[in-house]
Amino acid sequence: MTKKYLIPLLSFLGMSAHLNAQSISGKVSNEQGKNISYVEVILSTGNNTFSAITDDNGLFSIKLPQKDSYTINFFLNGSKVYEATEEINGDLNKDFTIKAADVKEIKEISLTQKKKLVERKVDRIIFNVENSVSATGGTALDALKTTPLVRIQDETVSIVGKGEVLVMIDDRIQRMSPEDLSSLLKSIPSDNIQSIEVITTPPAKYDAQGDNGLINIRLKKAKANSWNANIGSSYTQKTYAGGALQGAFNYNYKRLSVQLSANTSSQRLRTTSDSRIYYPDELWITSLKNKSEDNNLGLGLGIDYKISDKWTTGVKYLGSFTKSTSSNNPFTTRMNEQTEVINSYISSGLDANNKPNMNSFNWYNSFKIDSSGTKITTDFDYFNYRKSDYSFFAGNELDNQRNVLPGSFFSATNTNMNHIENYSGKVDVEMPLDWMALSFGAKYTYTNTNNDLVVYDNKTGAPILDTQQSNIFNYKEHNEAIYVSGSKKLGEKWEAQAGLRLESTQTTGYSHNMNQTNKINYVKLFPTAYITYNPDDKNAFSINYSRRIRRPNFDYLNPFVVRTSPYYYSEGNPFLQPSIIDNLEFSYIRNQKWVSSVYYSQVSDFSQKLSILDQSTNITRSTPLNYANTYQIGISTYYNFNKWSWWNSFTGFNVNYQNVKSKIDAISSIDGYNAYIYSNNDFTLNKSKTTFFSVNYGLQLPGRYQIFHISTLNILDISMKFLLLDKKLTLTVTGQDLLNGQRSVITYESNGVKTDSQRYNDTRGFRISLSYKFGNKNLKSEQRKLGNEDERSRVK
């Protein structure tokens, strides 16, 4: 046993290597020459078995340890469709044909055999969450943390090497701030997720919104003529204890399919923050300890009905209800940096709470037009978001003996009601033609946002309405889009896909307090193009290009001014413009396991919320600005090691160079490098496949990201999963951030003033979870796509 696990461990550490001379590869197709994907290929000899699943082109490749006679079995949709014996001596490449007598034509594939943990397609990778060890028993946010190529830092979701991206749930973009998106993801149990798609180059069908890609979370559904349910609970211990309860029910019989889910969770956290501002005459050192509590409730309902063989309709509801509270006491020391003599202090306290509630409704229709595969889908969506914010702060300035300075008291109460409504409708047409696969469609979206900020000044001891800061702001946005996309095989080795999307946007923002109206109208074209070349079954090359847009968050356009001390305030920017992003990537894929890419991207009118420091007043203004054009070039590579059925490893690194060309005086142009290394590993520890072990590690090397320098950051998560009671009961124990290494120092400069900060988000802890399944435990079915793809990424 020791030897069995020592060999791969040494390989993982790079201390040994193993080269194999035997392999089998090939293509699986039917009698008409049509490639068949998702065929499970199993080779066996003696007590050893080796397996692979064919990709979208029907291709597979398996490395073998020795020369031998192997029994080959093909399984499709859970049924054996091919059996043969092959004598393998060296590398064998062969095409296989499945006869019609062995398998019926399957239009929608629903595998009962387990898919790979990670699958690779031309524009995305697919992480099958239901097969993951470390994601079990957690939330959607936990599942994203274990997804290859995805990083979660300070509640911001990003793709390694590509920066911040948008998140979709069943093809619907969640237009929310990072904080609200984090609350929504925490309300979705990971056990309700089938897969997570990391779409590095979204095709023209998807909205152009988003920097460099999209992440799509697909929720589970039931298999035809079956039902299943699961209930579960989890306990999490960080600084404080937290817990969650969840339940889900799936039913699919004849023409009716129903999905129900409900979950609730509660977690208290203790976060800390330390920052230094290096003014010319003073050093300001601020320490903050924050205690917060989040209570989440998530509800889901989906109903699909097959009216006829050609018409399916369905409705879906998703609700998220959150209550968050926090309290902290920032304390600032003002001192002479050279003499270390303390000049004065600033002491304050803050209590805040917010209640974001979201309700989303979708009505979906799918029409199969003819036997060639022509299909029309329609989506009509309504999204309603309400968030109430409350904050109270008070403080004083103190002398160097910590005595209160006369007249220095400051205090205010802020309340804000944010209400967003979104209506959208879209139609998509898929038309397989003899000479190409064609798709086209159109979409209309309307968003109406209202904010009502009320500020009371408490300096006199009694609340007085501050009419200068209180404000009402309304923002309306119309967006019309049309697109066309086509793909075609160019012989046996080449394939091309190209698309063009046109989006027209009209916005109107009105500030009641300022009696000011701002209108912005623009029309943009967004092309996409892919070319792939497969010289043989082991090698593939591709190049792709896409143009995308990042529209400002709704809250960024709000001109409200919110003060939290005499030395700090934040405000929106109604003149903020969208950013345009151009992406180019060249990739090489070896044996569907090793993927290497060289990529380039540039952003015009890059916008970001910045802290602008004033040396003369020591006041910090936080506001979003279109302040730069940015350029990035990088190299990314990863390898999926799955030679042995009991070990699956996904390991890679990313290195890039970034150049920020500033357009404002407050921020200097800057450039630099950054690098990230990661490895996700899943182990099956026994032959009955009831005990699993997972270890995930990530290392952020010190480097430059945009205008910020970030010090070393590392993450280590370890999990054990046990299947009990005939695999109906799942017990998972997870240790999170075991090295306590998510404490990086972030440094930047504004108006020549250096600032560095270090924040710890209470990430280290452990989680134990239980989940019990009953009904049919092997459920999967086709996933229908939903619309409303661009309505919630920019909500605050």
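For the structure itself, consult the block above.
Let me sum up the structure you'll find in this document.

Attention shifts here to the overall build of the protein chain. Counting secondary structure elements, the protein chain contains three helices and 46 strands. Scored against the burial criterion, the 796 residues of the protein chain give a buried share of 54%. In the structure as shown, the protein chain presents an accessible area of about 35,000 Å², 55% of it carried by carbon and sulfur atoms.

Following the criterion strictly, the structure yields 17 salt bridges and no others. A salt bridge links lysine 426 to aspartate 379, with the shortest nitrogen-to-oxygen separation between them at 3.6 Å. With lysine 426 in strand E25 (residues 410-432) and aspartate 379 in strand E24 (residues 375-399), this pair connects stretches of sequence that are 47 residues apart. With relative accessibility at 2%, the residue aspartate 379 sits in the buried group. Of the charged contacts, one joins glutamate 503 and arginine 551 as a salt bridge, the two residues approaching to 2.5 Å between their closest N and O atoms. Of this pair, glutamate 503 sits in strand E29 (residues 494-511) while arginine 551 sits in the loop between strand E31 (539-550) and strand E32 (561-565), and the two are 48 residues apart along the sequence. In terms of burial, glutamate 503 and arginine 551 fall into one category: buried. Put simply, Asp207, Lys443, Arg501, Glu503 and Arg551 are held in one network by salt bridges that share partners.

Moving on: the nonpolar core. Formed by 47 residues in total, the largest nonpolar core has its most connected members in Leu144, Val157, Leu185, Ile193, Ile196, Ile215 and Ile217. Here isoleucine 217 is in contact with Ala140, Leu144, Val167, Met168, Ile169, Asp170, Leu185, Ile193, Ser195 and Ile196, once residues within four sequence places are set aside. Within the second largest apolar cluster, 24 residues are counted, among which are Tyr279, Tyr567, Ile707 and Val753.

Turning to the environment of isoleucine 369, a few remarks are in order. Tracing the chain through its elements places isoleucine 369 in the loop between strand E23 (342-368) and E24. In sequence terms isoleucine 369 and methionine 431 are 62 residues apart; their C-alpha atoms lie 9.4 Å from each other. Beyond its immediate stretch of four places on either side in the chain, isoleucine 369 contacts Lys310, Thr374 and Ile376.

This paragraph deals with the packing of aromatic side chains. One pass over the full model with this rule turns up 38 aromatic pairs. Geometrically, the ring pair formed by tyrosine 475 and phenylalanine 554 is tilted, given 5.6 Å between the ring centres and 50 degrees between the ring planes. With tyrosine 475 in strand E28 (residues 471-490) and phenylalanine 554 in the loop between E31 and E32, this pair connects stretches of sequence that are 79 residues apart. Residue classification places tyrosine 475 among the buried residues on the basis of a relative accessible area of 5%. Here phenylalanine 554 falls in the buried class, since its relative accessible area comes to 3%.

Strand order in the open sheet made by the three strands is E4-E1-E7, with mixed pairing throughout. The open sheet terminates on both sides in strands that have one partner only, identified here as strand E4 (59-64) and strand E7 (91-98). Going across the sheet, the axis of each strand differs from the next one's by a mean of 20 degrees, ignoring polarity. When strand E1 (residues 22-30) meets E7, the two strands line up parallel, connected through eight bridges. Bridge assignment links glycine 26 to a residue of E7, and that residue is lysine 94.

The side chains of a regular strand alternate, residue by residue, between the two faces of the sheet. The sheet contact formed by strand E17 (residues 226-237) and strand E46 (residues 765-775) spans ten bridges and is antiparallel. Note that in E46 the partner of isoleucine 231 across the bridge is tyrosine 772. In the sheet, strand E43 (residues 729-736) pairs with E46 via eight bridges, with the strands oriented antiparallel. When the bridges of E46 are listed, glycine 735 appears paired with phenylalanine 766.

Right, let's get into the environment of arginine 551. Note on arginine 551: relative accessible area 2%, which makes it buried. The spacing of arginine 551 and proline 578 is 27 residues in sequence and 4.5 Å in space, taken between C-alpha atoms. A distance of 3.3 Å separates polar atoms of two side chains, one belonging to arginine 551 and the other to threonine 505.

Turning to its location among the elements, glutamate 477 is positioned in strand E28. With relative accessibility at 3%, the residue glutamate 477 sits in the buried group. Here tyrosine 475 takes part through its side chain, which lies 2.7 Å from a polar atom of the side chain of glutamate 477.

Each value, and the rule that gives it
Residues numbered from 1 in each chain as written. Predicted model: local features only at pLDDT ≥ 70, side-chain atom pairs only at ≥ 80, totals over all residues. Heavy atoms only, no water. Helix = DSSP H or I, 4+ residues; strand = E, 2+ residues; numbered from the N terminus. Buried < 20%, exposed > 50% of the residue type's maximum accessible area, 1.4 Å probe, protein only. Areas by Shrake-Rupley, 256 points an atom, 1.4 Å probe, with all protein chains shown as cover. Salt bridge = Lys/Arg side-chain N within 4 Å of Asp/Glu carboxyl O. Core = buried A, V, L, I, M, F, W, Y, C linked by side-chain atoms within 4.5 Å. Contact = heavy atoms within 4.5 Å. Phe/Tyr/Trp six-rings, centres within 6.5 Å; stacked < 30°, edge-to-face > 60°. Pairing = 2+ DSSP bridges. Axes fitted to C-alpha atoms, helices over the stretch in contact; angles between N-to-C directions. Polar contact = N/O pair within 3.5 Å; in protein donor to acceptor, adjacent residues only side chain to side chain.

Read these as spatial facts, not as claims about activity.
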